[in-house]
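Spelled out, the chains give:
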Amino acid sequence: MELKELLKQKDQQLKQNNYIEFNDRDIRKMRQDEARHVIEYFSGYTMMKLPPSEVEFFEWLKEADPPVWEDLWSDVEDIYKVSIDFLSQFIGEQNGFPICDLIDQPNYWFTNRHIKPKGIERLEEATEKIQAGQKLQIVDLILYELSIAPIDVWHFCYRHNLPVFRVKQTIDDMVSEGWLVHLTDREDLAKYIDI
């Protein structure tokens, strides 16, 4: 579908529903430059329903870590609707809606800028393992994924079918080893967020 036709279709959807939505297929096909154009067109006045795969993730989160789900959604009138400005977080190698703004729970959201020099050395080892086709440990996988795009611990656990408590403990171990900086407060994370 051409961008012009997509914008027309989403305009109509906005008039009917008071929000817009994209199915997973549309999201997979969209390029970042197209997403930026859609964001610019609708920014400032449009809410977007999370794509179906992201809704599935948040339904998993409700069971896997209820206090985090409640921190995000309990005070929200229309759950799973977010600003259109987040559209780019679902395109390409991005990791979905960033859980980095928790108030009552500690944040576990990281970017490649949170990797310390010792962590970069470990990332190089992980990259060599990947190139050699060797099995990765959880720390290797975390560092490798952070080198590609920001991610929170919950999306990571969901993608890799890992228990949240185990990955949080791994993060704590990585901090102790001097591989990673862990900023739990949302105000401290604000300067790292590029949305």
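Refer to the structure presented above.
Just so it is clear, the model here is predicted, and its values are computed rather than measured. (Residues numbered from 1 in each chain as written. Predicted model: local features only at pLDDT ≥ 70, side-chain atom pairs only at ≥ 80, totals over all residues. Heavy atoms only, no water.)

(A) Looking closely at the packing of aromatic side chains. In the structure shown here, the tally under the stated rule is 13 aromatic pairs. Judged by centre distance (5.4 Å) and plane angle (85°), the rings of Phe58 and Trp73 are edge-to-face. With Phe58 in helix H4 (residues 52-64) and Trp73 in helix H5 (residues 66-73), the pair connects residues that are 15 residues apart, well separated along the chain. Taking relative accessible area as the criterion, Trp73 reaches 4% and is therefore assigned buried. By the ring-pair criterion, three or more aromatic residues cluster together here, those being Phe57, Phe58, Trp60, Trp73, Tyr80, Phe86, Phe97 and Tyr158. Across the ring face of Phe22, the terminal group of Lys10 is positioned such that the distance to the ring centre comes to 4.6 Å. The ring of Tyr19 has Lys81 lying over it, and the distance from NZ or CZ to the ring centre is 4.3 Å. (Phe/Tyr/Trp six-rings, centres within 6.5 Å; stacked < 30°, edge-to-face > 60°. Helix = DSSP H or I, 4+ residues; strand = E, 2+ residues; numbered from the N terminus. Buried < 20%, exposed > 50% of the residue type's maximum accessible area, 1.4 Å probe, protein only. Lys NZ or Arg CZ within 6 Å of the ring centre and 35° of its normal.)

(B) Up close: the environment of Leu87. Positionally, Leu87 belongs in the loop between strand S3 (81-83) and strand S4 (109-110). Judged by relative accessible area, which is 0%, Leu87 ranks as buried. Leu87 sits 26 residues away from Leu61 along the chain, and the two C-alpha atoms are 20 Å apart. In this structure, Leu87 is in contact with Phe22, Ile27, Met30, Ala35, Val38, Ile39 and Met48, ignoring residues within four places of it in sequence. (Contact = heavy atoms within 4.5 Å.)

(C) Layout of the nonpolar core. Within the largest apolar cluster, 52 residues are counted, with the highest numbers of intra-cluster contacts made by Phe22, Leu50, Phe58, Leu87, Ile99 and Trp154. At the level of elements, helix H1 (3-17), helix H3 (32-42), H4, H5, helix H7 (138-148), helix H8 (153-160) and helix H9 (164-176) are the ones that each hand at least two residues to this core. Counting residues per element, this core draws most heavily on H7, which supplies five residues. Formed by five residues, the second largest nonpolar core is a distinct cluster that contains Cys100, Trp109, Leu189 and Tyr192. (Core = buried A, V, L, I, M, F, W, Y, C linked by side-chain atoms within 4.5 Å.)

(D) Local environment of the packing of H8 against H9. Packing of H8 against H9 brings their axes to within 10 Å, and their N-to-C directions diverge by 125°. Classed by the angle they form, the pair H8 and H9 counts as oblique. Note that H8 runs across H9; the crossing there is right-handed. Between H8 and H9, the contacting residues are Val153, Trp154, Phe156 and Cys157 on the first element and Val164, Val167 and Lys168 on the second. Residue composition of the contact of H8 with H9, grouped by class: six nonpolar, no polar and one charged. (Axes fitted to C-alpha atoms, helices over the stretch in contact; angles between N-to-C directions. Parallel < 35°, antiparallel > 145°, perpendicular 65-115°, else oblique. Left-handed = near helix turned anticlockwise from the far one by under 90°. Nonpolar A, V, L, I, M, F, W, Y, C, P; charged D, E, K, R; others polar.)

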